[in-house]
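Listed below, chain by chain, are the residues.
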Amino acid sequence: MQTSSGVAWITGGGTGIGRALALRLAAAGWKVAISGRRPGPLAETAARDPEHLIAYPLDVTALAAVRETAAHIEAELGTPDLVVLNAGLGQFVKLSEFNAELAERHMRINYLGAINGLDAILPGMRQRHAGHIVLMASLAGQRGLPRGAVYGPTKAALINLAEALRFDLAREGIAITVCNPGYVDTAMTRENNFAMPFLMSAERAASIIHRGILKRKFEITFPLRLSLTVKLLRCLPYPLYFFLMKTFYYR
């Protein structure tokens, strides 16, 4: 079982799931460093519990800044017991909107941002032979979805990354978790112009993630019905998968 409190670091901690999880951990007694690109939302979140929440503004795409922030957190709070690499961008786009710049931006924030975080935190965790890393992926990374060509591949990469790291990290006493949520009501998903089945609040999502962290699960995925559906689709041969997606998405 994961310790019930300690030092945590959450990237993308000023809004959405990151904020809800930070508040939940703080309420449980954790000292939580929260990072994000926008100082305003970070300050608003930290003000909710100044004793437990400490803001560290950060652009996760800048490796030197990530390393520097990690060093500041370690010096001021201690080596994090839990790191949630949650910073992300998510846009579902039409073919007419697809371009290299948008795809690169998603990859730099969603995937390379997590890589930068891993680079910064792994030395301290390896030295202690302890720690827990959570990568925020998505059910959208389980299989290619319509209009998901810039977002989905970044989440698929995170799932593969977690699977690949699991072997060596386990040998060093470090846990890794990949979180695959469905649709969560955040500022990001409110920009979607399509129906989002089983939409849940960020607070509900944070509650599920918190329980999974305490159990040190490798995968945290929700909601159950959507997760089971996506995992079933993942097993289907291409002709049947393409037929079903065409039938239900483009009807």
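Going by the structure above, here's the rest.
Our subject in this report is the structure included herewith. (Residues numbered from 1 in each chain as written. Predicted model: local features only at pLDDT ≥ 70, side-chain atom pairs only at ≥ 80, totals over all residues. Heavy atoms only, no water.)

Focus: the pairing of strand β2 (residues 31-35)
The buried count for β2 comes to four of five residues, which makes it a mostly enclosed element. Bridging between strand β1 (residues 7-11) and β2 involves five bridges; their strand directions are parallel. Looking at β2, one finds that A8 is bridged to V32. Regarding topology, helix α1 (residues 16-27) serves as the crossover connection from β1 to the parallel β2, and that connection is right-handed. As defined by bridge partners, β2 adjoins strand β3 (residues 53-55) across three bridges and the pair is classed as parallel. (Buried < 20%, exposed > 50% of the residue type's maximum accessible area, 1.4 Å probe, protein only. Helix = DSSP H or I, 4+ residues; strand = E, 2+ residues; numbered from the N terminus. Pairing = 2+ DSSP bridges. Right-handed = clockwise from strand over helix to strand, strands pointing away.)

Section: unusual backbone geometry
Here the amide bond leading from F222 into P223 is cis, since omega sits at -10°, within 30 degrees of zero. Summarising the element assignment, P223 is placed in the loop between β9 (219-222) and α7 (224-235). At R147, a residue that is not glycine, the phi angle is positive and equals roughly 65°. Among the structural elements, R147 can be located in the loop between β5 (132-136) and α5 (152-171). A residue is classified by how much of its surface remains accessible, and R147, at 33% relative accessible area, is partly exposed. A positive phi angle is found at F198, which is not glycine, with a value near 60°.

So, a positive patch on the surface
On the surface, R24, R204, R211, K215 and K217 cluster together into a patch of positive charge. By secondary structure assignment, the location of R211 is in helix α6 (residues 202-214). (Patch = residues over 30% accessible without salt bridge, like charges linked within 9 Å, V, L, I, M, F, W, Y side chains within 5 Å. Areas by Shrake-Rupley, 256 points an atom, 1.4 Å probe, with all protein chains shown as cover. Salt bridge = Lys/Arg side-chain N within 4 Å of Asp/Glu carboxyl O. Lys, Arg positive; Asp, Glu negative; His and termini not counted. Charge placed at Lys NZ, Arg CZ, Asp CG, Glu CD.)

Some details on the packing of α1 against α6
Between α1 and α6, the least distance of the axes is 8 Å, while the angle of their chain directions is 60°. The orientation of α1 relative to α6 falls into the category oblique. Handedness of the α1/α6 crossing: right-handed. Taking contact as the criterion, the partners of G16, I17, A20, L21, R24 and L25 in α1 are, on α6, A202, E203, A205, A206, S207, I209, H210 and I213. Classifying every residue of the contact of α1 with α6 gives nine nonpolar, three polar and two charged. (Axes fitted to C-alpha atoms, helices over the stretch in contact; angles between N-to-C directions. Parallel < 35°, antiparallel > 145°, perpendicular 65-115°, else oblique. Left-handed = near helix turned anticlockwise from the far one by under 90°. Contact = heavy atoms within 4.5 Å. Nonpolar A, V, L, I, M, F, W, Y, C, P; charged D, E, K, R; others polar.)

A short note on the pattern of salt bridges
Inspection of every chain in the model, using the stated rule, returns six salt bridges. A salt bridge links R128 to D81; its shortest N-O distance comes to 3.6 Å. Here R128 is found in helix α4 (residues 100-128), whereas its partner D81 is found in the loop between α3 (63-77) and β4 (82-85), with 47 residues between them in sequence.

Focus: the packing of aromatic side chains
Under the definition given, this model contains five aromatic pairs. Relative to F194, the ring of F92 has its centre 5.3 Å away and its plane inclined at 75°; by these criteria the two rings are edge-to-face. Linking F92 in the loop between β4 and α4 with F194 in the loop between β7 (184-185) and β8 (200-201), this pair joins segments that are 102 residues apart in sequence. On the basis of relative accessibility, which here comes to 23%, the residue F194 falls in the partly exposed class. Between Y238 and F242, the ring centres sit 5.4 Å apart and the planes meet at 15°, which makes this aromatic pair stacked. (Phe/Tyr/Trp six-rings, centres within 6.5 Å; stacked < 30°, edge-to-face > 60°.)

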